[in-house]
Structure formats: C-alpha cells, structure tokens
Amino acid sequence: MQAEQPITQELKRWIVAQAQAGCRPEDVLEAMKSSGWRDEVAIRAMEEALQSHLQSQGPLPGSGMAAFDPRTTAPSPAQAAGLTPREGPARAAPAGLLAAAGQPGPDLASGRSTLIAGDREVTVLMQSQRPRAVLFGNFLSSGECEALVAMARGRLARSETVVNETGGSEVNSARTSDGMFFNRGENELCARIEKRIADLLRWPIQNGEGLQVLRYLPGARYLAHQDYFDPEQPGAGTILARGGQRVGTLVMYLNTPLRGGATTFPDAGLEVSPVRGNALFFAYDRPDPACLALHSGAPVEEGEKWVATKWLRQGVFS
Ligand SMILES: O=C(O)CCC(=O)C(=O)O
Ligand SMILES: [Fe+2]
C-alpha cells in the first residue's frame with residue numbers, strides 16, 4: 001500500500017514561493033517528484049496552492065523567468081508533514097523546508113542567545129523588527145576571515161553598481177570599495193560558509209549569489225542604497241531572470257577597522273560597528289523602502305575594512 005502524502009500548508013507555501021520567483025510549473029513539478037511526491041499528489045498540490053493563492057492575492061508574475069534547479073529545493077513529503085526529526089530546539093530547520101517559509105531568517109523561537117548554524121555555534125547579539133535585522137557574533141573564525149581576505153586580495157577590482165536601466169553594471173562614485181565575487185561553492189571554504197549561512201538563515205544554498213568580498217581603503221564608502229532591484233526599471237527583467245528578487249543580505253565582517261566603516265540604516269537610526277567574525281543579516285520581504293532596509297557603508301576613517309556579502313534570492317540563482 002502506498003503511504004499517505006497529505007498536502008500541507010508548508011508544501012503549498014513552498015509552491016507559491018517558487019511561482020513567485022518565476023519558476024516554470026513543469027520544473028516545480030519535477031522538483032517535487034524528485035523529492036518523493038507522487039505525480040498525482042504533486043499536480044493536485046500545485047492546483048490547490050496556486051488556486052487559493054490567486055483567490056487571496058491576485059496574479060503571480062509571468063512564469064519562465066527563472067532557471068530552476070530541481071535537485072534539493074522541494075520539501076519531501078515527510079518534511080512537509082513535519083515528520084522529519086529536528087535535532088534540538090536551537091537547531092535550524094532542515095534545508096529542504098527552507099523555501100517553504102517564504103522568507104530567510106534564523107529560528108529565534110527558542111529565545112536562546114546561541115544558535116547552531118550547521119558546523120558552528122553563533123551568538124545572537126542584537127535584533128530589530130524594522131528593518132528586519134539580526135546581528136550574529138562568532139559567525140566566522142579569525143582563520144576563516146583571514147583566509148577569505150587572502151584568497152580575495154589578488155582578485156580585487158573597483159566595485160561596480162547595478163545599472164537598473166539596462167541590467168548591466170558600472171563604476172559609480174557612490175561606491176568606492178574594491179571587490180570580487182567567488183562562484184558559489186568555488187572552494188572548500190566558500191562551500192562551508194555557504195552551508196552555514198543556509199542552515200542559519202533557513203534558505204537554500206542554491207538561492208544564494210556567490211560570496212562577494214569588498215575592501216574599503218581609508219575614505220572609501222558605499223552611499224545609502226537598497227540591495228533589492230527596482231522592479232520598475234527597464235533592466236529589471238534581465239536581473240530578475242537569475243533567481244528572482246533579492247530578499248535578504250548577510251554582511252560578514254572580516255576585520256575590525258581602526259575607526260569608521262559602520263553599516264548604517266539611516267531611515268531607522270541604526271548603526272552596526274564592523275567587528276571581525278560578526279555577521280549582520282537583514283531582510284526585505286518586498287522591494288519597498290518601507291522595509292527600512294536602506295543602508296550604507298560609512299567611510300572608513302582609519303585602517304581598512306573588509307567584508308564578505310551574501311545576497312539571498314527568492315528563487316534559484318544560476
Ligand atoms: O560595507 C558595508 O557595511 C555594507 C556593504 C553593502 O551594503 C553591500 O555589500 O551591499
Ligand atoms: Fe548593500
């Protein structure tokens with residue numbers, strides 16, 4: 001006899017999140033099947049999820065926008081039914097269930113000041129609701145910070161900003177750092193950190209862009225900006241085709257500048273000091289200034305500032 005496969009709210013939320021990210025229905029179906037869902041159940045789940053979403057929220061964006069990696073994203077029947085065991089109250093949810101929640105973020109329900117992020121215990125130093133932000137301590141070891149800096153140093157180039165009109169990028173006086181991108185999973189260290197981020201923020205590795213490393217020399221800064229893409233701009237289609245909108249950012253501080261270089265949120269009066277090994281997460285569930293996620297890298301006054309940034313996309317980034 002075949003096991004029951006109940007269509008849960010978790011599964012429906014996951015389906016809606018994939019559709020919102022622009023994934024094609026046939027790819028979503030394939031992903032569910034490879035996670036163990038029977039054909040007919042997967043089809044019924046999609047119909048039910050999208051029907052009830054349409055009735056309550058209106059139309060979804062056009063499909064076919066995002067490439068889809070069907071390997072591990074769909075929750076399995078056991079995960080969606082909540083049957084997959086969790087390993088302890090402070091542990092993050094299993095990776096397959098992540099996208100189901102619709103938004104990245106740590107599990108702070110236990111109220112503990114320490115969380116297990118995969119292979120590492122991190123501390124929760126501060127959190128804010130608007131902007132949605134959490135500051136973590138001990139996210140990276142000193143050795144990991146030094147190794148990232150050493151690997152990035154020889155590959156730095158003047159940072160560019162995205163040109164919303166075209167979807168390309170250009171050098172801009174608003175951003176005077178030097179930077180580089182690692183490919184996702186490019187080396188063991190990147191893969192380890194990416195797994196840690198996915199566990200901590202309960203968001204699939206595949207939805208993350210490659211790590212970016214930035215170096216600010218004295219006087220360098222990054223003027224106030226949003227990390228999400230302006231959907232009204234003509235270039236938005238090109239940018240959003242690679243995984244949909246950005247929904248969260250993790251800024252990891254790789255050193256402690258002697259003076260200056262805070263990450264500031266001017267609309268919220270919030271200022272985060274860069275301290276080596278700490279990581280600042282902030283999220284924006286829609287591309288709207290009302291999320292108060294406008295932020296800047298204040299000028300470095302003395303010494304250098306090094307950060308690694310991970311941007312999280314709504315869907316699979318490829
Ligand atoms: O350097 C910082 O503090 C912020 C970096 C940042 O905003 C970004 O990389 O998008
Ligand atoms: Fe930013």
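Cut-off values and rules
Counting starts from 1 at the beginning of each chain's written sequence and moves along it residue by residue. Here every chain gets a letter starting at A, and every ligand a number starting at 1, in the order they are written. The model is predicted, so local features are restricted to residues of pLDDT at least 70 and side-chain atom pairs to those at 80 or more, both for listing and for counting; the totals for chains, interfaces and linings are taken over all residues. We count a stretch as a helix when DSSP gives it H or I for four or more residues in a row; a strand needs E for two or more, and each element gets its number in order from the N terminus. Once C-beta atoms are placed from the backbone, each residue is buried if 20 or more other C-beta atoms lie within 10 Å of its own, exposed if 12 or fewer, and partly exposed for counts between those two. When DSSP finds at least two bridges between two strands, those strands are taken to pair. Connectivity within a nonpolar core runs through C-beta atoms within 7 Å, and the core itself is a set of buried Ala, Val, Leu, Ile, Met, Phe, Trp, Tyr and Cys residues. By the convention adopted here, residues make contact when the C-beta atoms placed from their backbones lie within 7 Å. Note on definitions: a residue is near a molecule or strand provided its C-beta atom, placed from the backbone, lies within 6 Å of it. Under the convention adopted here, Pro, Cys and the residues Ala, Val, Leu, Ile, Met, Phe, Trp and Tyr are nonpolar, Asp, Glu, Lys and Arg are charged, and Gly plus all remaining residues are polar. Helices are assigned an expected span. That span is 1.5 Å times one less than the residue count. Think of the arc as the fan of directions from the helix axis to the C-beta atoms. UniProt positions are given in the numbering used here, feature names are shortened, and annotations may be inferred rather than shown by experiment. The axes are straight lines fitted to the C-alpha atoms, using for helices just the contacting stretch, and the angles between their N-to-C directions are given from 0 to 180°. What pLDDT conveys is the predictor's confidence in a given residue, as a value from 0 to 100.

Colleague: I would appreciate a short explanation of the overall build of the chain in the present structure.
Modeller: Counting its regular elements, the chain contains 7 helices and 17 strands. A total of 318 residues make up the chain; the buried ones form 41% of that total.

Colleague: Explanation requested: the sheet that holds strand β3 (residues 132-137) in the structure shown.
Modeller: Remark on secondary structure: sheet strands pair via backbone hydrogen bonds, oriented parallel or antiparallel. Taken in spatial order, the 9 strands of this open sheet run β1-β2-β3-β14-β10-β17-β8-β7-β4, and their pairing is antiparallel. At either end of the open sheet lies a strand with only one pairing partner, and these are β1 (114-117) and β4 (157-158). Where strand β7 (residues 178-181) meets strand β8 (residues 212-216), 4 bridges bridge the pair, whose relative direction is antiparallel. The residue bridging D178 from the neighbouring strand is R215, located in β8.

Colleague: Explain the nonpolar core here, please?
Modeller: Here is a general trend for soluble globular proteins: nonpolar side chains tend to be buried in one another's company. Formed by 49 residues in total, the largest nonpolar core has its most connected members in L201, M252, L254, A279, L280, F281 and V307. Ignoring anything within four residues of it in the chain, the contact list for L201 reads P104, G105, P106, G248, L250, F281 and L312. In terms of nonpolar packing, the next biggest core, distinct from the first, is built from 12 residues, I15, W37, M46 and A49 among them.

Colleague: It is not clear to me how the site of ligand 1 should be interpreted in this structure. Could you clarify?
Modeller: Every residue lining ligand 1 is accounted for by L214, Y222, D227, V251, T263, H295, G297, V307 and T309. Sorting the residues of the shell around ligand 1 by element identifies β15 (295-297) and β17 (305-313) as the ones contributing at least two each. Here the shell around ligand 1 is built from residues that sort into 4 nonpolar, 4 polar and 1 charged.

Colleague: Is there a simple way to explain the pairing of β7 in this structure?
Modeller: Consecutive residues of a regular strand have side chains that alternate between opposite faces of the sheet. Pairing analysis gives 2 bridges linking β4 to β7, with the strands arranged antiparallel. In the strand pairing of β7, R158 is matched with D178.

Colleague: What is the right way to look at helix α5 (residues 142-153) in this model?
Modeller: Because an α-helix completes one turn every 3.6 residues, residues spaced three or four positions apart along the sequence face the same direction. Helix length check: α5, at 12 residues, gives a terminal C-alpha distance of 16 Å against a target of 16 Å (1.5 Å per residue), a fit within 8%. Of the positions making up α5, those classed as buried are C145, L148 and A152. Buried positions in α5, seen along its axis, are confined to an arc of 65° and lie on one side of it. What points out from α5, more than 90 degrees from its buried face, is the exposed set S142, G143 and A150. In this fold, the buried residues of α5 make contact with β7, α6 (188-201), β8 and β17.

Colleague: Could you clarify how one ought to interpret the UniProt feature "domain: Fe2OG dioxygenase" (unreviewed entry) in the chain in this entry?
Modeller: Within this numbering scheme, the UniProt entry marks residues 207-314 as carrying the feature "domain: Fe2OG dioxygenase" (unreviewed entry). For residues 207-314, the end-to-end C-alpha separation is 7 Å, with 5% helix and 42% strand making up the annotated structure.

Colleague: For this particular structure, what's the right way to read the environment of A109?
Modeller: Here A109 lies in the loop between α4 (77-80) and β1. Since 8 C-beta atoms lie within 10 Å of it, A109 is described here as exposed. Sequence separation between A109 and A283 is 174 residues; the distance between their C-alpha atoms is 17 Å.

Colleague: Would you explain the sheet that holds strand β12 (residues 263-265) in this entry?
Modeller: Spatially, the 4 strands line up as an open sheet ordered β9-β15-β12-β13, and their pairing is antiparallel. The open sheet has two edge strands with one neighbour each: β9 (222-225) and β13 (270-272). Adjacent strand axes in the sheet meet at a mean angle of 15°, parallel and antiparallel pairs treated alike. The pairing of β12 with β13 spans 3 bridges and is antiparallel. From the neighbouring strand, T263 faces β13, where its bridge partner is V272.

Colleague: Any chance you could explain unusual backbone geometry here in plain terms?
Modeller: Most peptide bonds take the trans form, and the phi angle of most residues other than glycine is negative. Of the consecutive residues R130 and P131, the connecting peptide bond is found in the cis state with omega at 0°. Within the element layout of this structure, P131 appears in the loop between β2 (120-128) and β3. The backbone phi angle of R202 is positive, close to 55°, even though this residue is not glycine. Examined against the element boundaries, R202 turns out to sit in the loop between α6 and β8. Overall, the presence of 21 C-beta atoms within 10 Å leaves R202 in the buried class. Phi angles above zero are rare outside glycine, and L292 is one such case at about 60°.

Colleague: What should I look at first to understand the confidence of the model for the chain in this one?
Modeller: Fine structural detail should not be taken from predicted coordinates in areas where pLDDT scores are low. Mean pLDDT for the chain: 83, with 79% of residues reaching 70 or above. Predicted confidence is poor over residues 58-73, with pLDDT under 50, and the contacts of this stretch with residues over four places away or in other chains come to 44 contacts. Across residues 82-101, confidence stays below pLDDT 50; counting only partners more than four residues off in sequence or on other chains, it has 47 contacts.

Colleague: Quick question: what am I supposed to make of α6 here?
Modeller: Between its first and last C-alpha atoms α6 spans 20 Å; for 14 residues at 1.5 Å apiece the expected length is 20 Å, and the two agree. Of all the positions in α6, only I193, E194, R196, I197, A198, D199, L200 and L201 are classed as buried. Those residues of α6 hidden inside the fold are in contact with β1, β2, α5, β10 (246-253), β14 (279-283) and β17. A positive backbone phi angle near 55° is found at R202, which sits one or two residues after α6.

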